[in-house]
Amino acid sequence: MMLTIGRKAQTMRAQKFLNHKLLKLITELAIIIRWKNLLIMALTMLLLRYTVMMPVLDSVGAELQTSFGTFIKLLISTLLIAGAGYIINDINDINIDFINRPESMVIGRSISVPVATIAYYCMTVIGLLLGLWAASETGYYKLALLFVVAAGALWYYATNYKRTFLWGNLIVAALTAMVILTTWLFEFYSMVHEPAAYSKAFRVIPLFSQLCLGFALFAFCTTLVREIVKDIEDLVGDAAENCVSLPIKLGVPKTKKVVNIFISCMMALLAIAQYFMYKHGLTQAALYYLVLQFMLYYLIQHIAKAETPEDNKFSTQLAKLIMVAGIVGMESIHLSLWQGWASIG
């Protein structure tokens, strides 16, 4: 009797230990795939579909042509490929992260490099297969190339381009914009594949496309700013690994000036976009983005005055917050259309 009880207790302890190890592994995997960033990507795609594309099409009695099932495949594929990109980036950044942020390292400590490499390949392959499946359902197989390009660019970024002057920043910014462009392209080509649906939506396709391209440009610009400011934050580790980032090439003071000039150009482009929104009756959206104008102005001031690593970290976080705020602003377009303030056509 006592032996049986002892065995049960031992089994329970072993099960508890395994559950703890599994939970720890899942938590660490969530960290290395940057679950918060993936959540932002998912939110971006959902908001674009349901608060921009669908309301604009609804305004002329048209409907989304990308089925919910296809969209889910597209969403999961995008998240898997992006998550795999973060893993391969961390694998190649072990030495840099050991200098810049040793306290947050996972690969090389809690998770071995071989295990992380297996996770990278598994996520990439599954992501590519789902992307091909989603593309086949639109009737336009060439869309599958978007996933191949994204996976390839993430690998080249982590292994080569990250250490080259400016190219790494541009690739990351382009891939961020690609999340929006891919969602738009899937819907556009699904519509083209259905002549009746395309004909019905023809009147709003220019607005539909311009809004999507505008958000993609905004995502590109804010990500580029964030990546360059992050390079200032990571200056010491990048220099130790012979990376040729903008701050290393030009120096921190000149880099700050370049970034602030770029942000000023962003503010001008955003003002043009606000006028476009106002002209099409998207009044609430135009007003909402005034908040972002103030946030961008504050970012310029903060970057100019930043001196400590903590200051640079805050600038990086603020740039990310501005991008998220811009994405959430898609709902203001939906609200304007829902209240009947838009004059499309």
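Residues numbered from 1 in each chain as written. Predicted model: local features only at pLDDT ≥ 70, side-chain atom pairs only at ≥ 80, totals over all residues. Heavy atoms only, no water.

**A look at the layout of surface pockets**
Once rolled over the atoms, a probe with the size of a water molecule shows which space is left empty.
Part 1 of the argument: Here the second largest pocket is characterised by a volume of approximately 380 Å³.
Part 2 of the argument: Around the second largest pocket, the lining comprises 16 residues; the ones closest to its centre are G214, F215, L269, L270 and A273.
Part 3 of the argument: Counted by class, the lining of the second largest pocket contains 14 nonpolar, two polar and no charged residues. (1 Å grid on protein atoms, 1.4 Å probe; cavity = no way out; pocket = protein on both sides within 12 Å on 5 of 7 lines; lining within 4 Å. Points joined across faces, edges and corners; volume = space filled by probe spheres on them. Nonpolar A, V, L, I, M, F, W, Y, C, P; charged D, E, K, R; others polar.)

**Concerning the packing of aromatic side chains**
Part 1 of the argument: Going through the model one piece at a time under the given rule, you end up with 11 aromatic pairs.
Part 2 of the argument: Aromatic pair Y288 and Y289: ring centres 5.1 Å apart, planes at 85°, arrangement edge-to-face.
Part 3 of the argument: Classification of Y289 as buried rests on a relative accessible area of 2%.
Part 4 of the argument: Here the aromatic residues Y140, W184, F188, Y189, Y198 and F202 are joined through ring pairs into a cluster of three or more. (Phe/Tyr/Trp six-rings, centres within 6.5 Å; stacked < 30°, edge-to-face > 60°. Buried < 20%, exposed > 50% of the residue type's maximum accessible area, 1.4 Å probe, protein only.)

**Things to note about the packing of helix α3 (residues 68-92) against helix α7 (residues 167-192)**
Part 1 of the argument: With their axes 11 Å apart at the nearest point, α3 and α7 run at an angle of 160° to one another. Judged on the interaxial angle alone, α7 and α3 are roughly antiparallel. In terms of crossing hand, the pair formed by α3 and α7 is right-handed. Contact residues: T70, F71, L74 and T78 in α3; V179, T182, T183 and F186 in α7. (Axes fitted to C-alpha atoms, helices over the stretch in contact; angles between N-to-C directions. Helix = DSSP H or I, 4+ residues; strand = E, 2+ residues; numbered from the N terminus. Parallel < 35°, antiparallel > 145°, perpendicular 65-115°, else oblique. Left-handed = near helix turned anticlockwise from the far one by under 90°. Contact = heavy atoms within 4.5 Å.)

**A look at the confidence of the model for the protein chain**
Part 1 of the argument: Model confidence for the protein chain is summarised by a mean pLDDT of 85, while 86% of its residues fall at 70 or above.
Part 2 of the argument: Per-residue pLDDT stays below 50 along residues 341-345; that stretch engages in 18 contacts with residues further than four places along the chain or on separate chains. (pLDDT = per-residue confidence, 0-100.)

**As for unusual backbone geometry**
Part 1 of the argument: One non-glycine residue, R34, lies in positive phi territory at about 55°.
Part 2 of the argument: Here R34 shows up in the loop between α1 (2-32) and α2 (35-58).
Part 3 of the argument: We classify R34 as partly exposed; its relative accessible area is 25%.

**Points about the nonpolar core**
Part 1 of the argument: In this structure, L57, I87, V225, I263, L292, L299 and I322 are the most contacted members of the largest nonpolar core, which totals 103 residues.
Part 2 of the argument: With 14 residues, helix α9 (residues 205-233) is the single largest residue contributor to this core. (Core = buried A, V, L, I, M, F, W, Y, C linked by side-chain atoms within 4.5 Å.)

**Brief notes about the pattern of salt bridges**
Part 1 of the argument: Within this structure, the stated rule accounts for four salt bridges.
Part 2 of the argument: Between E137 and K73 there is a salt bridge, with the nearest N and O atoms lying 3.2 Å from each other. One end of the pair, E137, is in helix α5 (residues 113-138); the other, K73, is in helix α3, and 64 residues separate them in sequence.
Part 3 of the argument: Judged by its relative accessible area of 38%, E137 is partly exposed.
Part 4 of the argument: Since its relative accessible area comes to 14%, K73 is described here as buried.
Part 5 of the argument: In this structure, D234 and K230 form a salt bridge, with 3.2 Å as the shortest nitrogen-oxygen distance.
Part 6 of the argument: D234 sits in the buried class, given a relative accessible area of 6%.
Part 7 of the argument: Accessibility expressed as a relative area gives 23% for K230, which makes it partly exposed. (Salt bridge = Lys/Arg side-chain N within 4 Å of Asp/Glu carboxyl O.)

**Observations regarding empty space enclosed by the protein**
Part 1 of the argument: With the rule as written, the count across this model stands at one cavity of 30 Å³ or more.
Part 2 of the argument: In this structure, the largest cavity spans a volume of roughly 30 Å³.
Part 3 of the argument: As for the largest cavity, its lining consists of R49, M53, T66, F71, L74, T183, F186 and E187.
Part 4 of the argument: Counting residues per element, the ones that place at least two in the lining of the largest cavity are α2, α3 and α7.
Part 5 of the argument: When residues in the lining of the largest cavity are grouped by element, the largest group, three residues, is from α7.
Part 6 of the argument: Partitioning the lining of the largest cavity into residue classes produces four nonpolar, two polar and two charged.

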